[in-house]
Amino acid sequence: MKQLYNIFRTMRKKNLIWLFSVPFSLSTLCAAEVPKHYVMDETVVTATLTETQLKSIPAAVEVIDREEVQESGAMTLHQVLTEAQSVNLEAVSGRQSTARLRGLNSSNTLVLIDGMRLPSGFQDKVDLAEIPAGWIEKIEIVRGPSSALYGSDAIGGVINIITRKPTGEPEAWLNTRYGSNTEGEAEATSFDAGISATSGDFGYAVSGSFSDKGRVDEDLTDGFTDADDKKVKAGAATLTWQLGKDAELVAGVTYADVEREGLRFKNKKELEWMNGSERSTGRVEFRSALGEDSSILLRAYRSVYDWGVTLTPISTGNPEAHAVDQTTDQFEARWAGRVFGSHKVTTGIEYRTEDREEDGLRSEIENLGVFLQDEVSITGRLSAILGLRFDEHSSFGSVYSPRVSARYQLNDELRLRGTYAEGFRAPSAFELYTGSDYTKRRILRPNPDLDPETSRTWEVGADFENDLFLLSVTAFRNDVDNMISEVFSGQFEGTIPIHESCNIAEAMTQGVEVTARVSLGSGFSIHDELTVLDGENKTSGKALAYVPDVSNVLKLSYRDSAHGFSGNVRLVTQGGQYTDAESSVKVDAYTLVNLSLSKSLTSHAKLYAGVDNIFDELVEDGYGNVYGPGSTGMFMYGGIGLNL
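Quantities reported herein were computed from a predicted structural model and do not represent experimental measurements. (Residues numbered from 1 in each chain as written. Predicted model: local features only at pLDDT ≥ 70, side-chain atom pairs only at ≥ 80, totals over all residues. Heavy atoms only, no water.)

## Overview of the packing of aromatic side chains
Part 1 of the argument: In the structure shown here, the tally under the stated rule is six aromatic pairs.
Part 2 of the argument: With 4.7 Å between their ring centres and 45° between their planes, Phe524 and Tyr558 make a pair best called tilted. Taken as a pair, Phe524 in strand 27 (residues 524–537) and Tyr558 in strand 29 (residues 550–560) lie far apart in primary sequence, 34 residues in all.
Part 3 of the argument: With a relative accessible area of 38%, Phe524 lands in the partly exposed category.
Part 4 of the argument: Residues Tyr558 and Phe565 carry aromatic rings whose centres are separated by 6.1 Å and whose planes lie at 50° to one another, so their mutual orientation is tilted.
Part 5 of the argument: The partly exposed category is assigned to Phe565, whose relative accessible area is 32%.
Part 6 of the argument: Members of the aromatic cluster, connected to one another through ring pairs, are Phe524, Tyr558 and Phe565. (Phe/Tyr/Trp six-rings, centres within 6.5 Å; stacked < 30°, edge-to-face > 60°. Helix = DSSP H or I, 4+ residues; strand = E, 2+ residues; numbered from the N terminus. Buried < 20%, exposed > 50% of the residue type's maximum accessible area, 1.4 Å probe, protein only.)

Here it is, written out as structure tokens:
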């Protein structure tokens, strides 16, 4: 059996290139059997801040719905994003997992929940592994510059997690799952339940989730657990109150409590590592129509993140403890409406404060932003989006972020689009004022004189869509100036390097994204997402870290609605990439093969099962596969979903 397994595994690797060509070759062979499939008719809000059909947006946008999340077997957001186009995950200190869009730093990717910013935590990162999949109604990913609407941090794009909202008819759901790897480690149990309805003028959606995943420790002598014990308890609620015919009041909260335990080796000592974090958001919104083509939004929200860690020597010595608390408050007002018939105008003002305390050192920054966007229909086939935003930041002053996008409908099947935009990332409170004396790798000193990173981005694309086939191609380039980097400035006690945040580098990323989707008939379909990427530190001439030369997700799906059966096989490939700023350490490419199946027992009950990483590939944590199949080996799971 072992010899057969090795032969099959070798054959699989040799045939990956052939498999990637399948969607394109089968599109012509099986065209006669393809049913109608209007993917681009979906409506999204993140790209323009108004409900807009995908085919009308001159940008690269991906939507991941709740059904896709459930089929993937994901327990957290970072596991969902392992299969998103041009999203690369990076494992950072504290075993966090962060998202990088189009090869840019995770700090250049803005992460939102229901349009609200998430405050960063340890080492200034937003840990995607702490956000439960049970929150997700859908995810909208806008690839490309979005500072003209969102201001700081949106140079690479925006990831917006949209939670469940009240439904018209009463609904209730319960999903439960169990899984483990082939060694009996990483045992995982998860529950997700909720109710949703509208009664009279009141609507509600309330959900809760719990997950518990065990540790993985392949080498018991190195003082490290390869993956830690992890528990996530979370809940979300949205309440709506209809105030007459054209006005609505909305209140919402989300909460997640995460506990992790494992082993660490630091300063020649084996330590018990205990980490806890709490993330919560609360919002109040007022929405009102001011006429047939005009509306306003008033919103206030608070997002809080508390993080703490304790390292306790197993033998002798005093424990070491660290804590981070960050709070973001934002107040905003927005108006959208038609002007002169062909102009759809959106304008708004935002005021935000960020308060951070790290190991007793406290700091605060403020930002005032004003933006104006005009979606104009020039002719029946040509439309454009013109945007401009002004931000006044308490640490460095003011900055403008312009954007010009255009879309031309050549015919009913082919669209051309292009964008030029400038963006910025403001230095964070962590980089400006607090820094960090914690971690065994280095000490980071803050720098209150930092300037913002600025960017220039262009992209061009084409989308071809008919009743049989979909093909989308996008080429892009990002140039970033004043990139904030860590500069070596000495050593502590002769062993621990000391770094300081400085504006030193210019960087570039460029690439091509290809998306193809075709139905093969008889319930089968293929979907392929390919990204070819290149990145360079223009100051040093070296390759950027965490920029894979290629990434690809190939998905073969089957669906039999009559018998309630569905399944898919997914090949997830990441090319080789450097994992250090000096471009001296490069990790190998990998491909994971994942399988999922589901069977409807009744109209209200569904069984599902899956295997992640079928060929038991070992993936280095440089790829951000923390707590995912890349770190646990082959992982098998099964569960049941109930909808009442």
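## Let's talk about a nonpolar patch on the surface
Part 1 of the argument: A surface patch of nonpolar side chains, amounting to about 410 Å² of accessible area, comprises Phe331, Ile349, Tyr351, Leu368 and Val370.
Part 2 of the argument: Only strand 18 (343–358) and strand 19 (361–377) provide two or more residues apiece to the nonpolar patch.
Part 3 of the argument: When you line up the elements, Phe331 lands in strand 17 (residues 320–339). (Patch = residues over 30% accessible without salt bridge, like charges linked within 9 Å, V, L, I, M, F, W, Y side chains within 5 Å. Areas by Shrake-Rupley, 256 points an atom, 1.4 Å probe, with all protein chains shown as cover. Salt bridge = Lys/Arg side-chain N within 4 Å of Asp/Glu carboxyl O.)

## Concerning the sheet that holds strand 8 (residues 136–143)
Part 1 of the argument: Spatially, 3-8-9-6-7 is the arrangement adopted by the five strands of the open sheet, whose pairing is mixed. Sheet topology places strand 3 (60–65) and strand 7 (116–117) at the edges, where each strand pairs with a single neighbour.
Part 2 of the argument: Relative to strand 9 (residues 157–163), strand 8 runs antiparallel, the two sharing seven bridges. Within strand 9, the residue paired with Arg143 across the bridge is Gly157. (Pairing = 2+ DSSP bridges.)

## Here we look at the nonpolar core
Part 1 of the argument: Judged by nonpolar contacts, the single largest core of 27 residues is most densely connected at Leu77, Leu81, Val87, Leu128, Ile139 and Ile141.
Part 2 of the argument: Counting residues per element, the ones that place at least two in this core are helix 5 (77–81), strand 4 (87–92), strand 5 (96–101), strand 6 (109–113), strand 8, strand 9 and strand 13 (229–242).
Part 3 of the argument: Listed in part, the 10 residues of the second largest apolar core include Leu104, Phe476, Val480 and Ala507. (Core = buried A, V, L, I, M, F, W, Y, C linked by side-chain atoms within 4.5 Å.)

## Some words on the pairing of strand 9
Along any regular strand the residues' side chains alternate between the sheet's two faces.
Part 1 of the argument: Along strand 9, seven of the seven residues are buried, which leaves the element largely enclosed by surrounding structure.
Part 2 of the argument: Residue alternation in strand 9 divides its side chains into two sets, Gly157, Ile159, Ile161 and Thr163 and Val158, Asn160 and Ile162, and both sets are buried.
Part 3 of the argument: Where strand 6 meets strand 9, five bridges bridge the pair, whose relative direction is parallel. Its bridge partner lying in strand 9, Thr109 is registered against Gly157.

## Section: the confidence of the model for the protein chain
Part 1 of the argument: On average, residues of the protein chain score 86 in pLDDT, and 90% of them are at 70 or above.
Part 2 of the argument: Predicted confidence for residues 1–38 stays below pLDDT 50, and this span has 50 contacts to residues more than four positions away or in other chains. (pLDDT = per-residue confidence, 0-100. Contact = heavy atoms within 4.5 Å.)

## Considering the side chain of Asn160
Part 1 of the argument: For Asn160, the location among the structural elements is in strand 9.
Part 2 of the argument: Relative accessible area serves as the criterion here: at 5%, Asn160 is assigned to the buried category.
Part 3 of the argument: Side-chain polar atoms of Asn160 contact the side chain of Thr46, separated by 3.1 Å.
Part 4 of the argument: Here Gly115 takes part through its backbone nitrogen, which lies 3.1 Å from a polar atom of the side chain of Asn160.
Part 5 of the argument: Non-local contacts of Asn160, meaning those with residues more than four positions away in its chain, are made with Thr46, Leu112, Ile113, Asp114, Gly115, Lys138, Ile139 and Glu140. (Polar contact = N/O pair within 3.5 Å; in protein donor to acceptor, adjacent residues only side chain to side chain.)

## What about the environment of Lys269?
Part 1 of the argument: Relative to the elements of secondary structure, Lys269 occurs in strand 15 (residues 269–291).
Part 2 of the argument: Look at Lys269 and you get partly exposed, because its relative accessible area is 37%.
Part 3 of the argument: When the C-alpha positions of Lys269 and Ala227 are compared, they lie 19 Å apart, and in sequence the two are 42 residues distant.
Part 4 of the argument: Aside from chain neighbours lying at most four places away, what touches Lys269 is Arg264, Thr316 and Gly317.

## Regarding the pairing of strand 16 (residues 294–313)
Part 1 of the argument: Across 20 bridges, the pairing between strand 15 and strand 16 is antiparallel. Within strand 16, the residue paired with Val284 across the bridge is Ala300.
Part 2 of the argument: Joining the antiparallel neighbours strand 15 and strand 16 is a turn of two residues.
Part 3 of the argument: Between the end of strand 16 and the start of strand 17, which pair antiparallel, lie six residues, with Gly317 showing a positive phi angle near 125°.

## Side note on the pattern of salt bridges
Charged atoms that come close allow side chains of opposite charge to pair.
Part 1 of the argument: Enumeration according to the criterion identifies 39 salt bridges in this entry.
Part 2 of the argument: With its nearest N and O atoms 3.1 Å apart, the salt bridge here joins Lys138 to Glu140. Like Lys138, the residue Glu140 is buried in the burial classification.
Part 3 of the argument: The partner of Glu354 in a salt bridge is Arg352, with the nearest N and O atoms 3.1 Å apart. Side by side, Glu354 and Arg352 carry an identical accessibility label, which is buried.
Part 4 of the argument: A single salt-bridge network, built from bridges that share partners, covers Asp114, Lys165, Arg283, Glu285, Arg287, Arg299, Glu332 and Arg334.

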